[in-house]
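These are the residues of each chain, in order.
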Amino acid sequence: MNENVNIRELNDLIASKSSFVNLIKQGMNSTIVGQKHLIDSLLIALLANGHVLLEGVPGLAKTLAIKTLAGLVDARYSRIQFTPDLLPADVVGTMVYSIKRESFEVKKGPVFANFVLADEINRAPAKVQSALLEAMQERQVTIGEQTFSLDDPFLVMATQNPIEQEGTYPLPEAQVDRFLMKVLISYPSKTEEAEIIKMNLAAERKPVQPLVTPADIVDTRSVVQQIYIDEKIERYIVDIVFATRFPSDYGLKDMAGLLSFGASPRAGISMALAARAYAFLRGRGYVIPEDVRAVCHDVMRHRLGLSYEAEANNISADEMISNMLDKIAVP
């Protein structure tokens, strides 16, 4: 009975905090046409204190969406254009010798911001991509002998182009695993395409004005952390993760030869966090199985290692995730 009262109180609290989400959605919709899944995914990453990797062909408003979100929050924003000649010091910073002080001083890089746009992240070699590892996981950066904590909120939003092969480098598994979600961006509909053309032919576009503060984000995250997850939902998440490691145990013998490795423990943590944020966006103080299923593809698709057999048969990670969700019993 007390649990029901707490859930009711939490629902009321979520309703009072929904203005934060509505303001951001309105601001995003004034600049971005369609792409509701993209906007929801960015909000989930923001509320779950995670990072997001966006993948799609050029011109689908990936960079514009991230820049707009950063503009709506009165916080520091930086954009890093990843190129083959980029160095790790160009991302995190380096030690610079000061003639005046006759000593080395720290010059901080663009990673010292609340919102970091890693544009076309797969255009830089692994050593540059790896420069973000400590920042993404520990929320800190080490330069020389000094370690600096990053501001809260800290969100890395990376984009990559799936069709470009020349001059690109696959992201290391250790880096990919640190992204809460990998979101695939699709083409707009005919109606949305016409609206995009009309919007871009307009004489001038209104600049994005900040509508919320970093304190609003941190405050709302504390509410998201209170959202209730039942033990049955937790076991459901564990079953999904373990099905990628031991598919035969879940009646998925056909998948055994299609996976070279399964999801890491971060997958289960990320799924629970993303499901909580998804429930918050739906105005609920508790997580249901549909929340887990809604975020599962975005959370898992970049954490599965496909074998050569899967690639030879054009079997995607999304197909395998859908197959798993069909087989695993829903609580």
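All figures in this text were calculated on a predicted structure; none of them were measured in a lab.

1. Regarding the environment of Asp 40
Alright, step 1. With respect to the helices and strands, the residue Asp 40 is situated in helix 2 (residues 36-47).
Alright, step 2. What makes Asp 40 buried here is its relative accessible area of 16%.
Alright, step 3. Between the C-alpha atom of Asp 40 and that of Pro 188, which follows or precedes it by 148 residues, the distance is 16 Å.

2. Some details on the packing of aromatic side chains
Alright, step 1. As enumerated under the stated definition, the model contains three aromatic pairs in all.
Alright, step 2. For the ring pair Phe 112 and Phe 148, a centre distance of 6.0 Å and an interplane angle of 85° mean the geometry is edge-to-face. Pair noted here: Phe 112 is in the loop between strand 4 (103-108) and strand 5 (115-119) and Phe 148 is in strand 7 (residues 146-149), with a separation of 36 residues, a long-range link. As far as burial versus exposure is concerned, Phe 112 and Phe 148 are alike and both buried.
Alright, step 3. Looking at Arg 282, its charged tip hangs above the ring of Tyr 278, at a distance of 4.2 Å from the centre.
Alright, step 4. Residue placement shows Arg 284 over the ring face of Tyr 286; its charged tip is 5.8 Å from the ring centre.

3. Points about the pairing of strand 3 (residues 93-98)
Alright, step 1. Strand direction decides the pairing type here: strand 3 and strand 4, joined by six bridges, are antiparallel. Bridging from a neighbouring strand, Val 96 pairs with Glu 105 of strand 4.
Alright, step 2. Linking strand 3 back to strand 4 in an antiparallel pair, the connection comprises four residues, with Glu 102 at a positive phi of about 55°.

4. As for the side chain of Thr 159
Alright, step 1. For Thr 159, the location among the structural elements is in strand 8 (residues 155-160).
Alright, step 2. A polar contact is formed between the side chain of Thr 159 and the backbone nitrogen of Glu 120, at a distance of 2.9 Å.
Alright, step 3. With sequence-adjacent residues up to four places away left out, Thr 159 is seen in contact with Leu 54, Lys 62, Thr 63, Ile 66, Leu 117, Ala 118, Asp 119, Glu 120, Ile 121 and Asn 122.

5. Here's the deal with the pattern of salt bridges
Close approach of charged atoms lets side chains of opposite charge pair.
Alright, step 1. Enumeration according to the criterion identifies 13 salt bridges in this entry.
Alright, step 2. Taken together, the shared-partner salt bridges in this structure form one network comprising Lys 25, Asp 40 and Arg 282.

6. Re helix 11 (residues 265-281)
Alright, step 1. For helix 11, which comprises 17 residues, the first-to-last C-alpha distance of 25 Å matches the rise-based estimate of 24 Å (1.5 Å per residue) to within 8%.
Alright, step 2. Burial runs high along helix 11: 12 of the 17 residues are buried.
Alright, step 3. Taken residue by residue, helix 11 has Ala 267, Gly 268, Ser 270, Met 271, Ala 272, Ala 274, Ala 275, Ala 277, Tyr 278, Ala 279, Phe 280 and Leu 281 as its buried positions.
Alright, step 4. Positive backbone phi, approximately 75°, marks Gly 283, located one or two places after helix 11.

7. Brief notes about the sheet that holds strand 5
Alright, step 1. Read across the sheet, five strands follow the order 2-5-8-1-9 without closing on themselves; strand pairing throughout is parallel. At either end of the open sheet lies a strand with only one pairing partner, and these are strand 2 (77-81) and strand 9 (181-184). The sheet shows a mean angle of 20° between the axes of neighbouring strands, direction not considered.
Alright, step 2. Relative to strand 9, strand 1 (residues 52-55) runs parallel, the two sharing four bridges. Counted as the bridge partner of Val 52 is Met 181 from strand 9.
Alright, step 3. Against the sheet, helix 2 makes contact with strand 1, strand 5, strand 8 and strand 9, and its axis sits at roughly 170° relative to strand 9, the strand it touches most.

Each value, and the rule that gives it
- Every chain's residues receive numbers from 1 upward, in the order its sequence appears when written.
- Only residues with pLDDT of at least 70 get local features here, since the model is predicted, and only at 80 or more are side-chain atom pairs given and counted; chain-wide, interface and lining totals rely on the full set of residues.
- The side-chain quantities take in all heavy atoms of the structure and omit both hydrogens and water.
- Secondary structure elements are taken from DSSP: a helix is a run of H or I of four residues or more, a strand is a run of E of two residues or more, and numbering for both begins at the N terminus.
- Relative accessibility under 20% of the residue-type maximum defines a buried residue, over 50% an exposed one, and the middle range a partly exposed one, all with a 1.4 Å probe and only protein chains included.
- Two aromatic rings from Phe, Tyr or Trp, using only the six-membered ring of Trp, form a pair when their centres are within 6.5 Å; if the ring planes differ by under 30 degrees the pair is stacked, by over 60 it is edge-to-face, and anything between is tilted.
- Criterion for a charge above a ring: Arg CZ or Lys NZ at most 6 Å from the ring centre, at most 35 degrees from the ring normal.
- Paired strands are those between which DSSP finds at least two bridges.
- Nitrogen and oxygen atoms within 3.5 Å of one another constitute a polar contact, given that in protein one can donate a hydrogen and the other can accept it, and given that sequence-neighbouring residues count only through two side-chain atoms.
- Contact definition: two residues touch when any of their heavy atoms are within 4.5 Å.
- The rule for a salt bridge is simple: a side-chain nitrogen of Lys or Arg has to be within 4 Å of a carboxyl oxygen of Asp or Glu.
- Working rule for helices: expected span equals 1.5 Å times residues minus one.
- The angle between two axes is taken between their N-to-C directions and runs from 0 to 180 degrees, where each axis is a line fitted to C-alpha atoms and a helix contributes only its stretch in contact.

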